[in-house]
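Structure at a glance
Spelled out from the first residue to the last, the chains are:
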Amino acid sequence: MVQETGKYTVITGASSDIGYEAAKAFAQRGKNLVITARRKDRLEMLKQEILGKHPDLDIVIRSTDLSVPENAYLLYEGLKSYEIETWVNNAGFGN
Ligand SMILES: NC(=O)c1ccc[n+]([C@@H]2O[C@H](COP(=O)([O-])OP(=O)(O)OC[C@H]3O[C@@H](n4cnc5c(N)ncnc54)[C@H](OP(=O)(O)O)[C@@H]3O)[C@@H](O)[C@H]2O)c1
């Protein structure tokens, strides 16, 4: 599938399970991605897996701990230069 040049989908909590699979699903639909979580090694693994199938996509990694409120602002501010089409706030945990 051809990517929509310039537009990005942000997925928080992309290092495992729902976020990880959601990232692959968006990539399958030709979306450039910004993937975030604390575990950078897992984000790198996801990036390589996606690029193996979709080498034309741009996959941007942002490793951050979103339990620190300041980091949420820094993430958002740091992405201002990207044209964000969709933002999936998936990071979290269950009790
Ligand atoms: N699975 C379910 O049945 C279910 C049901 C209802 C709601 N949910 C919600 O759906 C979301 C995903 O669920 P899941 O089952 O895929 O959970 P998961 O496997 O535990 O994944 C959670 C994701 O959030 C990230 N994350 C957690 N704490 C973070 C932090 N402080 N800063 C940045 N990233 C953080 C984790 O990455 P790092 O650890 O690498 O930071 C991971 O990528 C969660 O919000 C969960 O509460 C899930």
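Our subject is the structure listed above.
Structure report, in brief.

Here is what the cut-offs are and how they apply
Residues numbered from 1 in each chain as written. Predicted model: local features only at pLDDT ≥ 70, side-chain atom pairs only at ≥ 80, totals over all residues. Helix = DSSP H or I, 4+ residues; strand = E, 2+ residues; numbered from the N terminus. Rg over C-alpha atoms; globule rule 2.2 N^0.38 Å. Contact = placed C-beta atoms within 7 Å. Near = placed C-beta within 6 Å. Nonpolar A, V, L, I, M, F, W, Y, C, P; charged D, E, K, R; others polar. Pairing = 2+ DSSP bridges. Axes fitted to C-alpha atoms, helices over the stretch in contact; angles between N-to-C directions.

Let us look at the overall build of the chain. Looking only at helices and strands, the chain has three helices and four strands in total. Listing each helix as α and each strand as β along the chain from the N terminus yields β-α-β-α-β-α-β. The C-alpha atoms of the chain give a radius of gyration of 12 Å, which matches the 12 Å a tight globule of 95 residues would have. Seen through its C-alpha atoms, the chain measures out along the principal axes to roughly 35 × 25 × 20 Å. Of the contacts formed within the chain by residues at least 6 apart in sequence, a portion of 64% connects residues at least 24 apart.

The next thing to look at is the site of the ligand. Surrounding the ligand, one finds 19 residues, the nearest of these being Gly13, Asp17, Arg38, Arg39 and Gly92. The residue inventory of the shell around the ligand, partitioned by class, reads six nonpolar, eight polar and five charged.

Here the focus is the sheet that holds strand β3 (residues 59-63). The sheet built from four strands is open, its strands ordered β3-β2-β1-β4 with parallel pairing. Strand pairing shows two members of the sheet lacking a second neighbour, β3 and β4 (83-88), which therefore form its edges. Ignoring strand direction, the axes of neighbouring strands in this sheet form an average angle of 20°. Where strand β2 (residues 32-37) and β3 come together, five bridges link them in parallel fashion. Across the sheet, residue Thr36 finds its bridge partner in β3, namely Arg62. Strands in contact with helix α1 (residues 17-28) are β1 (7-12), β2 and β4; relative to β1, the strand with the most contacts, it is inclined by about 165°. On top of the sheet, helix α2 (residues 40-53) reaches β2 and β3; it is set at about 175° to β3, its chief contact.

Time to look at the environment of Gly6. Tracing the chain through its elements places Gly6 in the segment before β1. The spatial distance from the C-alpha of Gly6 to the C-alpha of Glu85 is 9.4 Å, given a sequence separation of 79 residues.

From the geometry alone we can't say anything about function, so treat these as descriptive.
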